[in-house]
Amino acid sequence: MRPSQGNGPNQRSPRSPLDVSRTREDFPILKQLVRGKPLVYLDNAASAQKPQAVIDALSHFYSTNYANVHRGIHWLSERATETFEAARRSVQRFIGAAEANEIIFVRGTTEAINLVAQTYGRTHVQAGDEILISTMEHHSNIVPWQMLCQATGAVLRVAPINDEGELLLDEFEKLLHPRTKLVAIAHVSNVLGTINPIRKIVEIAHRHQVPVLVDGAQAAPHVALDVQALDCDFYAFSGHKLFGPTGVGVLYGKASLLEAMPPYQGGGHMIQSVTFEKTIYNKVPDRFEAGTPNIAGVVGLGVAIDYVSEIGLEAITAYERELLAYAMDQLSRISGLRLIGTAKEKAGVLSFVADEVHPHDLGTILDNEGIAIRAGHHCAQPLMSRFGVLATARASLAFYNTREEIDALTTGIRTAIEFFT
């Protein structure tokens, strides 16, 4: 269970080993009581909590630096633009992109994938062509491609997985052929925690001259990234899962691909000139950032990335690997509980079902103990069908979680099972 897919070039010297007590002090929300119990927050795959540095950065920006970006010639606008573009450079370093212009700010992973579907996809995909995804995809990496297929007459193909939740690479490669126009695949499954071998997947796809989009929503907070080493063509992730604000995310694309893609939306800033007869579009990345962006969100994302980089992804992944191993061991000891997703390469996501206890009931009982998990299909209904369940309970880890919190989780699960049996 080794959550590693290469070290990003941005990593500073980590706090080694990770000082969890010190880290928890950075997150004010973790200090509160829920229903009279200490908060145990284990819903990080849905959205992570925010360190004080990000909270302060948002307040400071709105208090001292706020103005619209890119348009103004006054001092405040220029200062806001400088801060905004500094965040773009932070993202570039964080993921190892070759150029800052390869970073496009969007609302989140979902919008990033839709952007590629509606620009690159509409340009390159025709009737009879195929798009290849996997069984473990989030709805955000299924529905946009279904919509594209419905509009163009293309076909969506799905690569299978085994009972442990691992992609069957041989079967994946068999599905690649001259009509395949794009592979779109999760780096880390939001249900199973499976870490897909992205470098290998990209190598296989590129041998068939097929570009690859990677859904990195669950990977960016936990796995050191280097998109040049991975050689993926597109990479998407969200700010709110990376300890940053909601409503902001990133699409990375190789410059040569972005420059050949048409705009996604029309409006201000994405143009060079407009007449009633003709519009000349702006350069990359501006042509994909129509309208006023989520300026404060981008600034907050930059601070979140700097915060994570200061701790160091190597320290984070090492700690989370140990915590995951402890959690897997503890949950496997609970009679009547079945873990779903036991891949050898796995990040800190634990999905499970318990005999006689509906996941929603389990989540409710845990909530009464101050423990926050998620219950449902996790926007992955086809994957639920693959494992023969309608829903699971899911606990997902971050570097501020502790063994004591895992102990509280296991105690709460046992209490729920005993109550219903």
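The model shown is predicted, which means the values in this text are computed figures rather than measured ones.

Rules used in this analysis
Residues numbered from 1 in each chain as written. Predicted model: local features only at pLDDT ≥ 70, side-chain atom pairs only at ≥ 80, totals over all residues. Heavy atoms only, no water. Phe/Tyr/Trp six-rings, centres within 6.5 Å; stacked < 30°, edge-to-face > 60°. Buried < 20%, exposed > 50% of the residue type's maximum accessible area, 1.4 Å probe, protein only. Helix = DSSP H or I, 4+ residues; strand = E, 2+ residues; numbered from the N terminus. Lys NZ or Arg CZ within 6 Å of the ring centre and 35° of its normal. pLDDT = per-residue confidence, 0-100. Contact = heavy atoms within 4.5 Å. Pairing = 2+ DSSP bridges. Axes fitted to C-alpha atoms, helices over the stretch in contact; angles between N-to-C directions. Parallel < 35°, antiparallel > 145°, perpendicular 65-115°, else oblique. Left-handed = near helix turned anticlockwise from the far one by under 90°. Nonpolar A, V, L, I, M, F, W, Y, C, P; charged D, E, K, R; others polar.

**Q** Is there a simple way to think about the packing of aromatic side chains in this case?
**A** One pass over the structure, following the stated rule, counts 14 aromatic pairs. Each ring, one from Phe61 and one from Tyr66, has its centre 5.9 Å from the other, and the planes form 90°; the classification is edge-to-face. The exposure class assigned to Phe61 is buried, which follows from its relative accessible area of 2%. Look at Tyr66 and you get partly exposed, because its relative accessible area is 37%. Look at Tyr120 and Phe234: their rings are 5.7 Å apart centre to centre, the planes differ by 70°, and that puts the pair in the edge-to-face class. Of this pair, Tyr120 sits in helix H4 (residues 109–124) while Phe234 sits in strand S9 (residues 234–238), and the two are 114 residues apart along the sequence. Judged on exposure class, the residue Tyr120 and its partner Phe234 are both buried. One aromatic cluster is present, formed by Phe27, Phe243, Tyr307, Phe399 and Tyr400 through successive ring pairs. The ring of Phe387 has Arg386 lying over it, and the distance from NZ or CZ to the ring centre is 5.1 Å.

**Q** Would you mind showing me how to read the confidence of the model for the chain here?
**A** Atomic detail in the predicted coordinates should be set aside for any region of low pLDDT. Mean pLDDT for the chain: 95, with 96% of residues reaching 70 or above. Taken as a whole, residues 1–15 scores under 50 in pLDDT and shows 65 contacts with residues more than four places along the chain or in a different chain.

**Q** Looking at this structure, I do not really get the sheet that holds strand S17 (residues 392–396). What am I missing?
**A** Strand order in the open sheet formed by 4 strands is S13-S14-S17-S16, and the pairing between neighbours is antiparallel. Only two strands of the sheet have a single partner each, and these edge strands are strand S13 (337–340) and strand S16 (374–376). Ignoring strand direction, the axes of neighbouring strands in this sheet form an average angle of 30°. Where S13 and strand S14 (residues 349–354) come together, 4 bridges link them in antiparallel fashion. Directly across from Ile340, in S14, lies its bridge partner Ser351. Against the sheet, helix H11 (residues 313–332) makes contact with S13 and S14, and its axis sits at roughly 5° relative to S14, the strand it touches most.

**Q** I keep staring at the pairing of strand S10 (residues 249–253) and nothing clicks. Help me out?
**A** Moving residue by residue along a regular strand, the side chains alternate between the two faces of the sheet. Of all the 5 residues making up S10, 5 are buried; the element is thus mostly covered by neighbouring parts of the structure. Alignment of strand S4 (residues 103–106) against S10, held across 4 bridges, turns out to be antiparallel. Counted as the bridge partner of Val106 is Gly249 from S10. Here 5 bridges tie S9 to S10, and the two strands are oriented antiparallel to one another. Residue pairing across strands places Ser238 opposite Gly249, the latter belonging to S10.

**Q** Would you take a moment to explain the packing of helix H3 (residues 75–95) against helix H10 (residues 295–311) for this structure?
**A** Axis angle and axis distance: for two packed helices, these are the angle between their axes and the distance between the axes, and together they describe the pair. Relative to each other, H3 and H10 sit at 40°, their axes nearing to 8 Å. Taken as axis vectors, H3 and H10 run oblique relative to one another. Considering how the two elements wind past one another, H3 and H10 form a crossing that is left-handed. In contact with Thr83, Phe84, Ala87, Ser90, Val91 and Phe94 of H3, H10 contributes Ile295, Val298, Val299, Leu301, Gly302, Ile305, Asp306, Val308 and Ser309. In terms of residue class, the contact of H3 with H10 is built from 10 nonpolar, 4 polar and 1 charged.

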